[in-house]
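Coordinates in review
These are the residues of each chain, in order.
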Amino acid sequence: MTARRRMTVYLAAATAVSAVYYAVPAWQPVTWGLLGLISAAAVLVGLRHNRPRRRAPWLLVAASLLIFTVGDTTYNILTHVVGQVNPFPSPADAFYQLFYGLLLAGLLLLPERGPRGPDRASLLDALVLTGGLGLLSWIFLISPHIEAHHLTPAQRALSISLPLWDVLILAAGAQLVSSARRNPAVLLLAAGGVGLLVSDVLYGLSQLRGAWQIGGPVDLGWTVLYISWGAAALHPSMAALTEPRALRHREAGTLRLLLLALSSLIPPAVLLVESTTGEVRDATVIALLSAVMFLLVLARLTGVIGTHRQAVARERGIRRASTALVWATNVEQVASAIRVALADLLPTGVEYRVALAEDRDGTGPWPPPPARGEVARLVATATLDPALAARLGGFDAAWQCRITLTGRPAGDPHIGTLYVAGPRAALRGLDESVEALAALAALALERIALSQEINRRSSEEYFRTLVHNTADVILILDDDDRIRYGSPSATTVFGPPALTGLPLSEIVHPEDRADATELLALLRAGARDTADADWAVVAAGGRRVEVEASCRDLRGDPTVDGLVITLRDVTERRELERELTHRAFHDSLTGLANRVLFQERMQQAVARARHAGMVAAALFIDIDDFKVVNDTMGHAAGDELLIAVSQRLAGCLRGQDTAARLGGDEFAAVVEDAADPAEVEEVAARVTAAFARPFPLTAGVVNVTASVGVATTAELTEGQDLLRHADLALYVAKGAGKNQWRRYQPALHTAVLDRMQLRTDLDQAVPSGELAVQYQPIVALDTGRLVGLEALVRWHHPARGLLTPAQFIDVAEESGLIVPIGYWVLERAITDAVAWAGELGPDRAPYVTVNVSVRQFRCPGFVDRVLRTLTDAGLPPERLVLEITESLLLRDDDRVWTDLAALRAAGVRLAIDDFGTGYSSLSYLRQVPANLLKLEKSFIDTILVEPDQRSLVEGILRLAHTLGLAIIAEGIEDPAERQVLAEIGCQFGQGYLFAKPMDYDDMIKWTLAPDTTI
């Protein structure tokens, strides 16, 4: 049965029973009870079919109607059956008291408090209205009963209780009507309540006059009560009374204001009437009620002020949200802006959650949005989708608000739904704020959606432009690997004929076709979604082009529906990579392997030799006197020589061997798969023999040799050790003379370590004061007079004893220590020369000669330091002779000649040491600003026994005399040698015949001895 049919049946039955009640007085007790039962039954039927959220209020209403019926039936039995006349009080009055209590409880529980709690404004308005009407009830009903002396105390108490119950029922009903939604159920409940109040008032007045009787007009109000409340329960709108609702702030209507005004004016009106009649009987009640109504009005104004403050806070929060939403670019930022705004609207410290559920076109497990008539409603999170409920932080209630925007381009105004969850107490009063934030969110989300659409369309246009202008070739393949689309750049690479319809294999180079076919098959089989590979393709004119191929399976994209192949020309990049790789492992000047590749090849050779039982070897090769060529002929000639050396070295090796340049003039070679060490030694011998031949260069023919160190796996097994021990063998080979090779032997290791230790000790010799200077006399051969002293360095080694220059000078040259040692000897010799001038006297004081190495002379500032040392010590420049070697003069260096001229101009004399053993002829003597020539000892040793040697020395002496140079013969040990040299014109000499090198003190004693003249 439908709700309408149930309502029709009920109203017909209730109306029929009411008509019989008034038409047949004899049946009144039965028909009145039947009307009450029908009303209570209607409430229960409506409760069963309409299923309100809360059943208790309606059960209380049904119980009250049933109790009221029981009371009336009891009264009718007493009057019609028992025969009592208006029994008062009676057992029926107990049921009436229970009726009012149940009815009041039902009315108070019936309206849902809503998320804001009780409707405080409606409650205050109801109390004001009740107060005014309650005063009238006091005056006309309660006070007369109190003053009615003919009533017993019980009658008086019952008579007073009925008006009081009516006042309470009026207050509860007024609050229900003012706070609930306007619907048929509310109107029917209001009609029944009015009927009850009217009948109660008339009943009370009738009791005062003693004129009450059943079946009169007074029963009409109660009849309306029965019929209206039963109909209210049957109407479907009754369920809305117990549903949660957002109580909106509404402006009070004219009728409501008029009723409140009239109610507020009742106390002063009563006071005015009583004062005009001459007797104010209810002054106390009027005063108390006036005070109460004043407090109610004051509370009402306080609520208005609170509402205004909430509106200000809401406006502030919404303004902040509006500012933040302007800059929001995605849904999360929109939700974040709403969270910030809610922080201003909620009490401090209250936790809450915000979720935005976007429109899913009606699909998915989302709950239905609020009805069209309401924007926001309070929902239980248990009814939501579990994923959404989890996002809401486990709170049991949340505001659900539609996010809508009319006039959207999409047509549907619904964008999504906003959820705000938190404690129920904190959610009170947020409905209007949530609606305002939802409206702002709608604008922001629509703006974001429109921006994304604009960006998408711009991106499509952008990528379309890129595809048409990119240098990469983009191809789309059909299911049979035929080209369905080729970008415009394909014409540039593959020529004018269109690629459309061609199999991809036709443009792939034959060497890569199999790989390309296999890769495409993997993509089609779903083994991978993307793949990258390096292919070679056949470009226009048959040209081979290297490309990077990027393959994507976009068959699932309806806009593509195929495999997308992107080809990028990387030919130049691959050539550059190969060139860089070659440079990384080869010497840029000679093209030989560099140190990195050499080490790798050597490790491989050692591993193969160990596995195959063969011999591998490392050759360390150093060019002898390369620095001389570089200094004399220039760096360009030096580079040309290095290239020639690399070619000659490579020609000496076998096909499986590797030649390498390690740096500077150092070369190396890996000899692989040798049968025995003797085969390696043959290679080393070929290298030294090949380097002995002259090298024709652009600037002329150059004669250089090479020293070679050899190490084999016969003695060692590690590649690194091979090169290191070959270096040690090279060290020994260079020490044995030029154009030599040496193979590493364990004994060599000890000798090299000894030399390295000597070098380490020499580094501390100068600061430790271990060096000393000894002096060897230079005498006039004809008279034997002392003319000079040569300063010779000695090293007092703490462990090896006194060492001569022959034992450590070459180590000093290699390490560069020759420079500080040379300066120390120079300064010490000048200081001693000044000292012996003071002891021997200016006339007898000899000059001092000091050896200067090439490296020391070429140091910047050498001339200035010499002259400064002379000045500081006070030694005249002409008493200093600097001995230089011929190798200093081999290179045509302007700075060297300038420095020599500066020393000569300052008065310092120059001597060419070891003359006749150098690399050039005697022609340069004419240009050198020298004063002395020192003949090397080898010229003197055979002068007595070899006539040719004497003739050679005589020629040198005549040339020197012609150039104005004095001659000093070195190494004279025999008086006959002195005599011959004096006869052929040699002026000066030195050697053990005259004296050995002496310390300063011994030299002074020797000089002052009576027989010093020899």
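In what follows, the structure referred to is the one given above.
Throughout what follows, the structure given in this document is the object of discussion. (Residues numbered from 1 in each chain as written. Predicted model: local features only at pLDDT ≥ 70, side-chain atom pairs only at ≥ 80, totals over all residues. Heavy atoms only, no water.)

1. Let's talk about the overall build of the chain
Along the chain, the regular secondary structure elements total 33 helices and 25 strands. Sorting the 1014 residues of the chain into buried and exposed places 47% on the buried side. Taking the intrachain contacts of the chain between residues at least 6 apart in sequence as the baseline, contacts between residues at least 24 apart amount to 67%. On the chain, roughly 48,700 Å² of surface is accessible, and the fraction owed to carbon and sulfur atoms is 59%. (Helix = DSSP H or I, 4+ residues; strand = E, 2+ residues; numbered from the N terminus. Buried < 20%, exposed > 50% of the residue type's maximum accessible area, 1.4 Å probe, protein only. Contact = heavy atoms within 4.5 Å. Areas by Shrake-Rupley, 256 points an atom, 1.4 Å probe, with all protein chains shown as cover.)

2. Looking at the pairing of strand β6 (residues 483-486)
The side chains of a regular strand alternate between both faces of the sheet. Judged from the three bridges that link them, strand β5 (residues 473-477) and β6 form a sheet pairing that is antiparallel. Counted as the bridge partner of leucine 477 is isoleucine 483 from β6. Following β5, the chain reverses through five residues before pairing antiparallel with β6; aspartate 481 in that reversal takes a positive phi of roughly 65°. (Pairing = 2+ DSSP bridges.)

3. Thoughts on the sheet that holds strand β1 (residues 353-358)
In a beta sheet, neighbouring strands are held together by backbone hydrogen bonds and run either parallel or antiparallel to one another. If you walk across this open sheet you meet the four strands as β1-β4-β3-β2, and the pairing is antiparallel. Looking along the sheet, the strands with just one partner apiece sit at the ends: β1 and β2 (376-380). Pairs of neighbouring strands in the sheet enclose a mean axial angle of 25°, with direction left out of account. Both β1 and strand β4 (residues 414-421) contribute to a ladder of six bridges, which runs antiparallel. (Axes fitted to C-alpha atoms, helices over the stretch in contact; angles between N-to-C directions.)

4. Here's the deal with unusual backbone geometry
We note that arginine 51 has phi near 45°; this positive angle belongs to a residue other than glycine. With respect to the helices, strands and loops of the structure, arginine 51 is situated in the loop between α2 (28-50) and α3 (56-82). The phi dihedral of aspartate 561 is positive, around 55°, even though this residue is not glycine. Within the element layout of this structure, aspartate 561 appears in the loop between β8 (544-554) and β9 (562-569).

5. Focus on the nonpolar core
Within the largest apolar cluster, 54 residues are counted, with the highest numbers of intra-cluster contacts made by Tyr775, Trp836, Leu880 and Leu882. Broken down by element, the residue count for this core peaks at 12 residues, all from helix α26 (residues 818-840). (Core = buried A, V, L, I, M, F, W, Y, C linked by side-chain atoms within 4.5 Å.)

6. Some details on the pairing of strand β23 (residues 932-935)
Covered by surrounding structure in β23 are Leu932 and Lys934 together with Leu933 and Leu935, the residues of both alternating faces. In this structure, strand β22 (residues 909-915) lies alongside β23, joined through three bridges in parallel fashion. Of the residues in β23, the one forming a bridge with phenylalanine 915 is leucine 935. Of the pairings in the sheet, the one linking β23 to strand β24 (residues 966-969) comprises four bridges and is parallel in character. By the bridge assignment, lysine 934 is partnered in β24 with isoleucine 968.

7. Concerning the packing of helix α19 (residues 626-633) against helix α20 (residues 635-652)
α20 packs onto α19 with a crossing angle of 140° between their chain directions and a minimal axis gap of 6 Å. It follows that α19 is oblique to α20 by the angle criterion. Contact with α19, carried on its side by Phe626, Val629, Asn630 and Met633, involves His635, Ala637, Gly638, Leu641 and Leu642 of α20 and no other residues of that element. Residues belonging to the contact of α19 with α20 are distributed by class as follows: six nonpolar, three polar and no charged. (Parallel < 35°, antiparallel > 145°, perpendicular 65-115°, else oblique. Nonpolar A, V, L, I, M, F, W, Y, C, P; charged D, E, K, R; others polar.)

8. Concerning the sheet that holds strand β7 (residues 530-538)
Taken in spatial order, the five strands make up an open sheet running β6-β5-β9-β8-β7, and their pairing is antiparallel. The sheet terminates laterally at β6 and β7, the two strands that pair on one side only. For this sheet, the mean angle separating the axes of adjacent strands, direction not counted, is 25°. Strands β5, β7, β8 and β9 of the sheet are contacted by helix α16 (residues 510-524), whose axis makes an angle of about 155° with β7. Helix-sheet contacts for helix α17 (residues 571-585) involve β7, β8 and β9, and the interaxial angle to β8 is about 115°.

9. Observations regarding the environment of aspartate 1001
With respect to the element layout, aspartate 1001 can be found in helix α33 (residues 1000-1008). Of the residues examined, aspartate 1001 reaches a relative accessible area of 53% and is grouped as exposed. Taking the C-alpha atoms as reference points, aspartate 1001 and tryptophan 836, 165 residues apart in sequence, are found 9.8 Å from one another.

10. A few points about the pattern of salt bridges
Oppositely charged side chains can pair when the atoms bearing their charge come close. Applying the stated criterion across every chain yields a total of 33 salt bridges. Residue glutamate 548 is joined to arginine 574 by a salt bridge in which the shortest nitrogen-to-oxygen separation is 3.5 Å. On the criterion of sequence distance, the pair formed by glutamate 548 in strand β8 and arginine 574 in helix α17 is long-range, its members being 26 residues apart. Here arginine 574 falls in the buried class, since its relative accessible area comes to 12%. Residue aspartate 587 pairs with arginine 661 through a salt bridge whose shortest N-O separation is 3.2 Å. You can see aspartate 587 sitting in the loop between α17 and α18 (595-612) and its partner arginine 661 sitting in strand β11 (residues 658-663), a full 74 residues away along the chain. (Salt bridge = Lys/Arg side-chain N within 4 Å of Asp/Glu carboxyl O.)

11. Looking at a negative patch on the surface
Taken together, the side chains of Glu839, Asp999, Asp1001 and Asp1002 present a region of like negative charge at the surface. Inspection of the secondary structure puts aspartate 1002 in helix α33. (Patch = residues over 30% accessible without salt bridge, like charges linked within 9 Å, V, L, I, M, F, W, Y side chains within 5 Å. Lys, Arg positive; Asp, Glu negative; His and termini not counted. Charge placed at Lys NZ, Arg CZ, Asp CG, Glu CD.)

12. Describing helix α25 (residues 805-815)
Those residues of α25 not exposed but buried are Phe808, Val811 and Ala812. The buried residues of α25 occupy an angular sector of 105° when projected down its axis, which confines them to one face. Two residues or fewer past α25, glycine 816 is found with a positive phi of approximately 85°. (Arc of directions from axis to C-beta.)

13. Some details on the environment of arginine 610
For arginine 610, the position within the fold is in helix α18. When its relative accessible area of 52% is taken as the criterion, arginine 610 is described as exposed. Along the sequence, arginine 610 and threonine 713 sit 103 residues apart, while their C-alpha atoms lie 8.3 Å from each other.

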